[in-house]
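So you can see what is in the structure, the chains are spelled out below.
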Amino acid sequence: MSIFSELESEVRSYSRNWPVVFDRAQGSWMYDEDGKAYLDFFAGAGALNYGHNNPQLKKALIDYLSEDRVVHSLDMFTTARRDFLETLQSHILEPRDLDYKVIFPGPGGTNAVEAALKLARKVTGRESVINFTNAFHGMTLGALSVTGNSMKRGGAGIPLVHATPMPYDDYFAGEYPDFLYFERLLNDLGSGLNEPAAVIVEAVQGEGGINAARADWLRGLAKLCKEHGILLILDDIQMGCGRTGDFFSFEEAGIVPDIVCLSKSISGYGLPMALTLVRKELDIWEPGEHNGTFRGISPAFVTAAEAMRIYWSDDALAQSTKAKGEQVASRFTALVNAYPEAKLTAKGRGLARGLQFASGELAGKVCAEAFSRGMLMETSGPDGEVMKILPALTITTAELEQGLAIIDESVAAVLSSH
């Protein structure tokens, strides 16, 4: 493995926790070059909701490529782009009565956030954006300015301005009414708060520690934004495409954001792709005002459209994800009860779940124990104190049980030694 340390930057991270060379992957499994199998509860940080090399999506992709169809097209019209847009409209937007225009901002989630922030400022003529404690929205400068993690923000090298953090749901453990501080600042002419162009929020904070906002809190936020003429941006990059059960994580709350950011699993196959969905009246871009070379990656359009046809023609996957999520929640609650002295906390929605420990050291040790038992999962939260799982939504019941058993063993191994 010397080539990696000799040639690749020190910025690499996941490979430090999983020091093997992976070679193949199928469904919920990854295999190293020696053939050892690893049960994947990481799923490309949520980019592989339908598993590795999903055979139905792979067939659509191979068929497309074997016919010498267009692969790269910037924003030119192609048959693949048309099929994607028509399928998105018929399978996702129309059934949910969502009337959005689609921006292809570039290949990654951070591109979707940058487009959302730029457009919100252009529409409103304001500069300030409200973000939330423990938020994560990306690593480019605009997205980083609305991100909470101090280590990631520190890498910017310049001041990150024009963003003001507010307390996320349950930040004060229920000691204060929702939005007490935010609403007071908005209504007080002496608060010094610049009039916000937008609020950007995750319905479930993934990198921030699997913090799931209550539906009532999200509804209250949407109401507050509407009352003050503030655009609501919902970052669904990691939690969209079915991760919480419904296609969009905000559906449970019954709200309709002004702007929605999607990436990660929108391609269905782990291919780079991102979308920024905007209410039609907000689409005031000049041609080419937001641009980029990789806004027309046809293989991603092909697998994305096929994934929507296969998994979102009915609610079977959504119901399965919610049921499996409850299965995980039950097991995590049992661990909380089994180790009262450890003060564990079970967190999450759908198949975005976490188990919070007293320290990042403990959560990291649990993940290391799981890796030694042939399983991949990561930590999240400001100090890495949350053991986080994002299994493929297509995981079998048997595979889910196998993974939960490994978690039980790993937690026991760590906590028994402390």
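To be clear, the structure that these remarks concern was listed above.
Residues numbered from 1 in each chain as written. Predicted model: local features only at pLDDT ≥ 70, side-chain atom pairs only at ≥ 80, totals over all residues. Heavy atoms only, no water.

Draft legend 1. Main features of the overall build of the protein. Across its full length, the protein carries 14 helices and 17 strands. Since a compact globule built from 418 residues should have a radius of gyration of about 22 Å, the 21 Å found for the protein is in line with a globular shape. By principal-axis analysis of the C-alpha atoms, the protein measures approximately 60 × 55 × 45 Å. Classification of the 418 residues of the protein by burial places 51% in the buried group. Long-range pairs, those at least 24 residues apart, make up 73% of the contacts in the protein with a sequence separation of at least 6. Roughly 18400 Å² of accessible area belongs to the protein as shown, and the carbon and sulfur atoms make up 53% of that amount. Averaging the positions of the 38 positive and the 54 negative side-chain charges in the protein gives two centres separated by 1 Å. (Helix = DSSP H or I, 4+ residues; strand = E, 2+ residues; numbered from the N terminus. Rg over C-alpha atoms; globule rule 2.2 N^0.38 Å. Buried < 20%, exposed > 50% of the residue type's maximum accessible area, 1.4 Å probe, protein only. Contact = heavy atoms within 4.5 Å. Areas by Shrake-Rupley, 256 points an atom, 1.4 Å probe, with all protein chains shown as cover. Lys, Arg positive; Asp, Glu negative; His and termini not counted. Charge placed at Lys NZ, Arg CZ, Asp CG, Glu CD.)

Draft legend 2. Main features of the side chain of Asn-54. With respect to the element layout, Asn-54 can be found in the loop between helix H3 (43-46) and helix H4 (55-66). Asn-54 sits in the buried class, given a relative accessible area of 4%.

Draft legend 3. Region of interest: the nonpolar core. One finds Phe-182, Leu-221, Phe-357, Met-377, Met-387 and Ile-407 to be the most contacted residues of the largest nonpolar core, which totals 89 residues. Val-113, Leu-117, Val-129 and Leu-282 belong to the second-largest nonpolar core, a separate cluster that totals 21 residues. (Core = buried A, V, L, I, M, F, W, Y, C linked by side-chain atoms within 4.5 Å.)

Draft legend 4. Layout of the environment of Ala-334. Relative to the elements of secondary structure, Ala-334 occurs in helix H12 (residues 316-338). Residues Ala-334 and Ala-346, 12 residues apart in the sequence, show an inter-C-alpha distance of 9.3 Å.

Draft legend 5. Representation of the pattern of salt bridges within the structure. Scanning all chains against the criterion turns up 27 salt bridges. Glu-67 is the salt-bridge partner of Arg-69, the closest N and O atoms lying 2.9 Å from each other. Accessibility expressed as a relative area gives 49% for Glu-67, which makes it partly exposed. With a shortest N-O distance of 2.8 Å, Glu-207 and Lys-388 are connected by a salt bridge. (Salt bridge = Lys/Arg side-chain N within 4 Å of Asp/Glu carboxyl O.)

Draft legend 6. Local environment of the packing of H4 against helix H11 (residues 298-311). Orientation of H4 relative to H11, taken along the N-to-C sense of each, is 145°, at an axis distance of 9 Å. Here H4 and H11 pass one another in a crossing that is right-handed. Facing H4, whose interface residues are Gln-56, Leu-57, Ala-60, Leu-61, Tyr-64 and Leu-65, H11 presents Ser-298, Pro-299, Val-302, Thr-303, Glu-306, Ala-307, Ile-310 and Tyr-311. Among the residues forming the contact of H4 with H11, the class breakdown is 10 nonpolar, three polar and one charged. (Axes fitted to C-alpha atoms, helices over the stretch in contact; angles between N-to-C directions. Left-handed = near helix turned anticlockwise from the far one by under 90°. Nonpolar A, V, L, I, M, F, W, Y, C, P; charged D, E, K, R; others polar.)

Draft legend 7. Inspection of H12 at higher detail. The end-to-end C-alpha separation of H12 is 33 Å, in line with the 33 Å expected for 23 residues at 1.5 Å each. Buried within H12 are the following residues: Leu-317, Ala-318, Thr-321, Lys-324, Gly-325, Val-328, Ala-329, Phe-332 and Leu-335. (Expected span 1.5 Å × (residues − 1).)

Draft legend 8. Just the sheet that holds strand E5 (residues 128-132), in detail. In space, the seven strands of this open sheet follow the order E4-E12-E11-E10-E7-E5-E6, with mixed pairing throughout. Edge strands, defined here as strands with exactly one partner in the open sheet, are strand E4 (100-103) and strand E6 (163-166). Pairwise comparison of adjacent strand axes, ignoring direction, gives a mean angle of 20° for this sheet. As paired elements, strand E11 (residues 259-262) and strand E12 (residues 275-279) share four bridges and run antiparallel to each other. Bridged to Val-260 within E12 is Leu-277. Docked against the sheet, helix H9 (residues 180-187) engages E5, E6 and strand E7 (196-201), running at close to 140° with respect to E6. (Pairing = 2+ DSSP bridges.)

Draft legend 9. Spotlight on the packing of aromatic side chains. Summed over the entire model, instances satisfying the criterion amount to 18 aromatic pairs. Consider the rings of Tyr-14 and Trp-18, whose centres lie 6.0 Å apart with planes at 15°: the pair is stacked. Judged by centre distance (4.9 Å) and plane angle (25°), the rings of Phe-248 and Phe-250 are stacked. Across the pair, Phe-250 and Phe-248 agree in class, each one buried. One aromatic cluster in this structure is built from Phe-132, Tyr-168, Phe-179 and Trp-217. (Phe/Tyr/Trp six-rings, centres within 6.5 Å; stacked < 30°, edge-to-face > 60°.)

Without other data, these values stay purely geometric and don't point to any function.
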